Amino acid sequence: MQIRALKRHDTLGMLAPASPTNEEDLKKAEIAIKELGFKVIVGESCYARRGYLSGDDHLRASDVNKMFVNEDIDGIICLRGGYGSMRILDMLDFDIIKDNPKPFIGYSDITALLVTFFQRAKMPTFHGPMGIDFAKGLDEFTKNSFISAVCGSTENMILSNPEGRPLRALSQGEAEGEIVGGNLSIVAATLGTPYEIDTRGKLLLLEDIDEKPYKVDKMLLQMRLAGKLEEAAGFILGDFRNCEETDASKSLNLEEVFADYIIPLRKPTIANFSAGHCDSKITVPIGLKAHLDATNCKICILKDHIAN
């Protein structure tokens, strides 16, 4: 399936499928996205609040369905992550989404939608900055990566880290496959549900925030026992922000956890990839075929689903 590349002056619909934010940050996000050259339509969910959710499940799901069918909206960007995206999966109309493919952008809790839209509607998505990131201010690297991914041809696009943040090979070799995944906590939460991630022959992207090594261990163990690690063709380990234990004497570190679960598989694996909750983010196409050269720490998108 192809989605049309965005152009400056196109309209982005902004919605909140997960947690809410305050009015000040919502306004800052809208202004920042407009300053980048886009028009913005703000969904009802961005103004709603129900505890830790941005309105009730029906409102958030309705916002998603309506934005896909709305011909005035060219692409969709999520306001923020937090929690709640999985709660609306069984309320979404995947026929509408499949018939009206659009660039859809988010990360963190939004991983549930990125994974499901690709698997149920065969629509590629983008693991990239959200409204809250725009509100805080994007650095030039993040801004350029975002524009390059959603506004240009992705074919043969090299996904490179910002200067000063080198990629590391945990296991050398080369592999090709569609990039899937995102936030580890959400990927693990899909297991055993109708929306379980399919990693067969895929390049599995994983990142997370505020999860201690034992919790990362637990989730990777769950993935291994479900066969998801063995089925993957290779691994792209993104940013694991605030995931190290403060008292190292009482914990394994992340390198040791990865050494227990990922490295023994002897599949091409790179780490320190700048995707996730880091300040400088790569916008990663989810669902597109890529070539991973772990030996030389290079990722190249091979198949273009962006119609210019």
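Residues numbered from 1 in each chain as written. Predicted model: local features only at pLDDT ≥ 70, side-chain atom pairs only at ≥ 80, totals over all residues. Heavy atoms only, no water.

**Regarding the state of the cysteines**
Covalent bonding between the sulfur atoms of two cysteines defines a disulfide. Tallying each qualifying case throughout the model produces zero disulfides. No disulfide involves C297; its sulfur sits 15 Å from that of C300, the nearest cysteine. Taking the relative accessible area as the measure of exposure, C300 reaches 16% and is therefore buried. (Disulfide = S-S within 2.5 Å. Buried < 20%, exposed > 50% of the residue type's maximum accessible area, 1.4 Å probe, protein only.)

**Observations concerning the UniProt feature "active site" (unreviewed entry) in the protein chain**
In the numbering adopted here, UniProt assigns the feature "active site" (unreviewed entry) to S108, E207 and H277. Taken together, the annotated residues stretch across 170 residues yet fold into one region, lying no more than 8.3 Å apart by C-alpha. For S108, the location among the structural elements is in the loop between strand 5 (104-106) and helix 4 (111-121). When its relative accessible area of 11% is taken as the criterion, S108 is described as buried. The contact partners of S108, leaving out residues within four places of it in the chain, are M130, N183, I186, E207 and H277. With a relative accessible area of 0%, E207 lands in the buried category. Residues within four places of E207 in sequence aside, it is in contact with S108, H127, G182, N183, L184, G238, D239, F240, A275, G276 and H277. (UniProt positions renumbered as here; feature names shortened; annotations may be inferred. Helix = DSSP H or I, 4+ residues; strand = E, 2+ residues; numbered from the N terminus. Contact = heavy atoms within 4.5 Å.)

**Here we look at the nonpolar core**
Generally speaking, soluble globular proteins have nonpolar side chains that are buried together. By size, the foremost hydrophobic cluster in this structure holds 69 residues, and its most contacted members are M14, F104, F117, I179 and F273. Summarising the domain contributions, this core has at least three residues from each of domain 1 (11-151) and domain 2 (157-301). Ignoring sequence-local partners within four residues, the contact set of F104 consists of F68, I76, C78, I110, L113, L114, F117, M123, T125 and F126. Judged by nonpolar contacts, the second largest core, of 27 residues, contains V187, A188, L220 and A232. (Core = buried A, V, L, I, M, F, W, Y, C linked by side-chain atoms within 4.5 Å. Domains from an automatic or database assignment.)

**Notes on the packing of helix 8 (residues 213-225) against helix 10 (residues 254-261)**
Each packed pair of helices is defined by two parameters, the angle between the axes and the distance between the axes. In contact at an axis separation of 10 Å, helix 8 and helix 10 are set at 15° when each is read in the N-to-C sense. Overall, the two elements helix 8 and helix 10 adopt an arrangement that is roughly parallel. You can see that helix 8 and helix 10 cross each other, and the crossing is right-handed. When helix 8 is examined against helix 10, the residues P213, V216, D217, L220, L221 and R224 are found in contact with a partner set consisting of L254, V257, F258 and Y261. The class makeup of the residues in the contact of helix 8 with helix 10 is eight nonpolar, no polar and two charged. (Axes fitted to C-alpha atoms, helices over the stretch in contact; angles between N-to-C directions. Parallel < 35°, antiparallel > 145°, perpendicular 65-115°, else oblique. Left-handed = near helix turned anticlockwise from the far one by under 90°. Nonpolar A, V, L, I, M, F, W, Y, C, P; charged D, E, K, R; others polar.)

**Quick look at the sheet that holds strand 3 (residues 39-42)**
One open sheet accounts for six strands, arranged 3-2-4-5-6-12; its pairing is mixed. Because the sheet does not close on itself, it has two edges, and the strands there are strand 3 and strand 12 (284-286). Sheet twist, expressed as the mean angle between neighbouring strand axes with direction ignored, is 25°. The pairing of strand 2 (residues 11-15) with strand 3 spans four bridges and is classified as parallel. Bridge pairing in strand 3 links M14 to V42. (Pairing = 2+ DSSP bridges.)

**Notes on the sheet that holds strand 14 (residues 298-301)**
Here we have seven strands laid out as an open sheet, ordered 7-11-10-9-8-13-14, and mixed in their pairing. The sheet terminates laterally at strand 7 (168-171) and strand 14, the two strands that pair on one side only. The average undirected angle you get between the axes of adjacent strands in this sheet is 30°. By the bridge criterion, four bridges tie strand 13 (residues 289-293) to strand 14 in an arrangement that is antiparallel. Considered in strand 14, the bridge of A290 is made with I301.

**Looking at the domain arrangement of the protein chain**
You can read the domains of the protein chain as domain 1 (11-151) and domain 2 (157-301). Distance between the C-alpha centres of domain 1 and domain 2: 23 Å. Taken together, the contact between domain 1 and domain 2 spans 29 residues of the former and 34 residues of the latter. Approximately 2400 Å² of surface area, both sides summed, lies buried where domain 1 meets domain 2, with 64% of it carried by carbon and sulfur atoms. Its largest share of buried area at the contact with domain 2, domain 1 owes to F118, H127 and F141, together 27% of the area lost on that side. (Buried area = accessible area lost by both parts, 1.4 Å probe.)

**Let's talk about the packing of aromatic side chains**
Overall, the coordinates contain six aromatic pairs when judged by the stated rule. For the pair F68 and F104, a centre-to-centre distance of 6.1 Å together with 15° between the ring planes defines the contact as stacked. Separated by 36 residues along the polypeptide, F68 in helix 2 (residues 57-69) and F104 in strand 5 bring together distant segments of the chain. Looking at F68, the relative accessible area reads 0%, which means it is buried. Seen in terms of ring centroids, F104 and F117 are 4.9 Å apart; in terms of plane orientation they differ by 80°. Their pairing is edge-to-face. Within this pair, whereas F104 is found in strand 5, its partner F117 is found in helix 4, the two being separated by 13 residues in sequence. By relative accessible area, F117 is classed as buried at 0%. (Phe/Tyr/Trp six-rings, centres within 6.5 Å; stacked < 30°, edge-to-face > 60°.)

**Observations concerning the environment of Y195**
With respect to the helices, strands and loops of the structure, Y195 is situated in the loop between helix 7 (184-189) and strand 9 (203-209). Y195 sits 110 residues away from S85 along the chain, and the two C-alpha atoms are 12 Å apart. When residues no more than four places from it in sequence are discounted, the contact partners of Y195 are L89, D90, F94, V115, T116, Q119, R120 and T190.

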